[in-house]
Amino acid sequence: MNRLVFFLGQAWDILKRVPKAPLLILFILVASALFANLLAPHDPEIGDPRQRLLPPFWEERGRMQYLLGTDTMGRDILSRLIYGSRISLLVAFAAVIFAACIGTTIGICAGFIGGWADQIIMRFVDAWLSIPTVMFGILMAVIMGPGVFNIVIIMSLVFWTRYARITRGETLSLKTRDFVHLATIAGCGRWRIMRKHILPNVMSSVITLASLQIGIVVVVEASLTFLGVGVPPPKPAWGLMLSEGRGGLIAGYWWLVVFPGVAIALLVMSFNVIGDWLRLYLDPHYRNLE
Amino acid sequence: MVSVIVFLAAHLSGDPALLIAPPGADEADLKEIRQRFGLDKPLPIQYFNFIRKGLKGDLGESILYGLPVSEIVIGHLPATFLLIGAAKFISLGIGLVAGVLAARRRGGWLDNLVRWFSLAGLSMPNFWIALLLILVFSVQLRVLPTGGYGSVAHLLMPAFSLGWYFSAGYTRLTYSSLLQVLNSEYIKLARVKGLPEISIVGKHAFKNAIIPVVTLAGMNLVVMISGAVAVETVFAWPGLGQLMYIGAVNRDFNVVQAVVLFVSILMVMMNLLVDILYAYLDPRIRYQ
């Protein structure tokens, strides 16, 4: 009980100080993802062929039923955006959590065990890191095929190495500290030390990295989907909406391209601002640097 | 470096025959494909063959073009290097100027503007910037072509949409490292000597402040090739990115693999080069 109160207190403390505008944007997007079926005025995947390519409501031919207009198949843009937030947020959070779990486990093990195992693992991580992100994603996507679940796997495979590097470095310095030696003397096993003594101490850097990375994950997912190797149609993913809207660009159907992009940019921007803030909050060391 | 290849080769083990085979191929076709590409042999032997051929520059044939993959990759290099060079020029230009200006007037309106500009660059996917640029400059104003290759006009929009993202990093780095340098003793000495402000910032501080920026710029050079995939696709720019995109869409696995392999090796070499350049720029760093 006490721990819960402590935890809630901390959460409140963070919430009080976090920048408000990005938090609000994030809140709106999360809410629209959770309650997409209540909020969306139309079906995101089935359109009305008679209502094709309507502009947003303030334009001449626009209608109030279709606030942000319709696409080439007569589907409501707003509804697709709302359902799209589900995919983007799901992929982003799931991928970052998977990547953090894999990377942290491997990083702590490598750092703690040390010796040749550490050397092998870290050379492997170095090699993995030297494969450029987007291209690696495309290669994996070609091998694994499209799909939301596959994208999550691909993203976590692309991004886990950074966690391994950071946690391994911290573990190396942590394991020479007195409290770890004391734990060893007290008879703790290796796994227990790693779990109970090392892991909590590397958590803040893992969280910082995750919050800084989540925006990049959203962009890379959108890129893969845009290139046609990510989330398959007719799902309402934002990247997919952009690639479908690309064809209508020359004809001047700007709303097909502008709104999904705004959604991505707003999401990534709020992630970035909050991530930046969290980095400073969790590491007072940085405050003097900037 | 070899381990990069190990990893890639390991991925060949999925079942590459399925990737190579046209949709609707039956078991007999698969078997034939496995035999033709040596995929029926045990994995270590396959890997050995892969390395042996790869070192000779033979990465297999493209199914789509019917040409050796290495030839196609080399053919697409000039366009990519041109685009990367231009994007680098734009991003470094924006980054250095914006960083210095913002650091000189900390907390002013210019500082805020620069901050928003970098945040926007970091948050907008580059292919979306590309689409917006087409919308404004090709569809509305009709001053720039929507895509293609050949003239400076063709280069402007792709280079800018690719460069904006990277300029944000340079801006921040120039900003913070210039502030750090400006606080150091030797700058105070320069001030005491009564040197004009422009000479202090431009000559004495800038030279030291630029070191981390150069490092980042070098490391980013290859990252840019990877980031350019979507931009090249939007503008039909005939570089590695577009090659990879066409390969991916047509399941031309050899091409996709070769591009990734090539760019990864480039990345490793680049990191080495940056280390050397770093030592050259900062005489305090010397490797034994």
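Scope of this entry: the structure provided in the associated data block. Nothing here was measured: the structure is a model prediction, and the numbers come from that model.

Helices and strands together make up the secondary structure of chain B, namely twelve helices and zero strands. Ordering the α and β elements of chain B from the N terminus gives α-α-α-α-α-α-α-α-α-α-α-α. Burial analysis of chain B (288 residues in total) assigns 38% to the buried set.

Next up on the list: the packing of helix 5 (residues 69-104) of chain B against helix 8 (residues 152-182) of chain B. When two helices pack together, their arrangement is given by the angle between the helix axes and by the axis-to-axis distance. All names here are of chain B. Taken N-terminus to C-terminus, the directions of helix 5 and helix 8 make an angle of 35 degrees; their axes are 6 Å apart at the nearest point. When you trace helix 5 past helix 8, the crossing you get is right-handed. Broken down by class, the residue content of the contact of helix 5 with helix 8 amounts to 22 nonpolar, seven polar and no charged.

The next subject is unusual backbone geometry. For the bond running from Pro233 of chain A to Pro234 of chain A, omega is 5 degrees, close enough to zero to count as cis. You can see Pro234 of chain A is positioned in the loop between helix 9 (190-226) and helix 10 (238-245). Phi is positive for Ala236 of chain B, close to 50 degrees, though the residue is something other than glycine. Checked against the element boundaries, Ala236 of chain B lands in the loop between helix 10 (197-235) and helix 11 (240-249). Taking the number of C-beta atoms within 10 Å as the measure of exposure, Ala236 of chain B has 14 and is therefore partly exposed.

Looking now at the nonpolar core. With 149 residues, the main nonpolar core has Ile138 of chain A together with Ala130 and Val259 of chain B as its most contacted residues. If one sorts the elements of this core by residue count, helix 4 (residues 77-113) of chain A sits on top with 17 residues. In this view, Val259 of chain B contacts Met135 of chain A together with Val73, Leu240, Leu243 and Met244 of chain B; residues no more than four positions away in its chain are not counted.

All right, on to the interface of chain B and chain A then. Quoted interface sizes are often the accessible area lost when the parts come together. Listed by partner, the interface residues are 41 residues for chain B and 38 residues for chain A. The set of elements that each furnish at least two residues to the side of chain B that touches chain A consists of helix 1 (2-11), helix 6 (109-123), helix 7 (126-140), helix 10, helix 11 and helix 12 (253-281) of chain B. A total of nine residues in the side of chain B that touches chain A trace back to one element, the largest contributor, which is helix 12 of chain B. Its residues assigned to classes, the side of chain B that touches chain A shows 29 nonpolar, eleven polar and one charged.

Rules behind the numbers
Residues numbered from 1 in each chain as written. Chains lettered and ligands numbered in written order. Predicted model: local features only at pLDDT ≥ 70, side-chain atom pairs only at ≥ 80, totals over all residues. Helix = DSSP H or I, 4+ residues; strand = E, 2+ residues; numbered from the N terminus. Buried ≥ 20, exposed ≤ 12 C-beta atoms within 10 Å, placed from the backbone. Axes fitted to C-alpha atoms, helices over the stretch in contact; angles between N-to-C directions. Left-handed = near helix turned anticlockwise from the far one by under 90°. Nonpolar A, V, L, I, M, F, W, Y, C, P; charged D, E, K, R; others polar. Core = buried A, V, L, I, M, F, W, Y, C linked by C-beta atoms within 7 Å. Contact = placed C-beta atoms within 7 Å.

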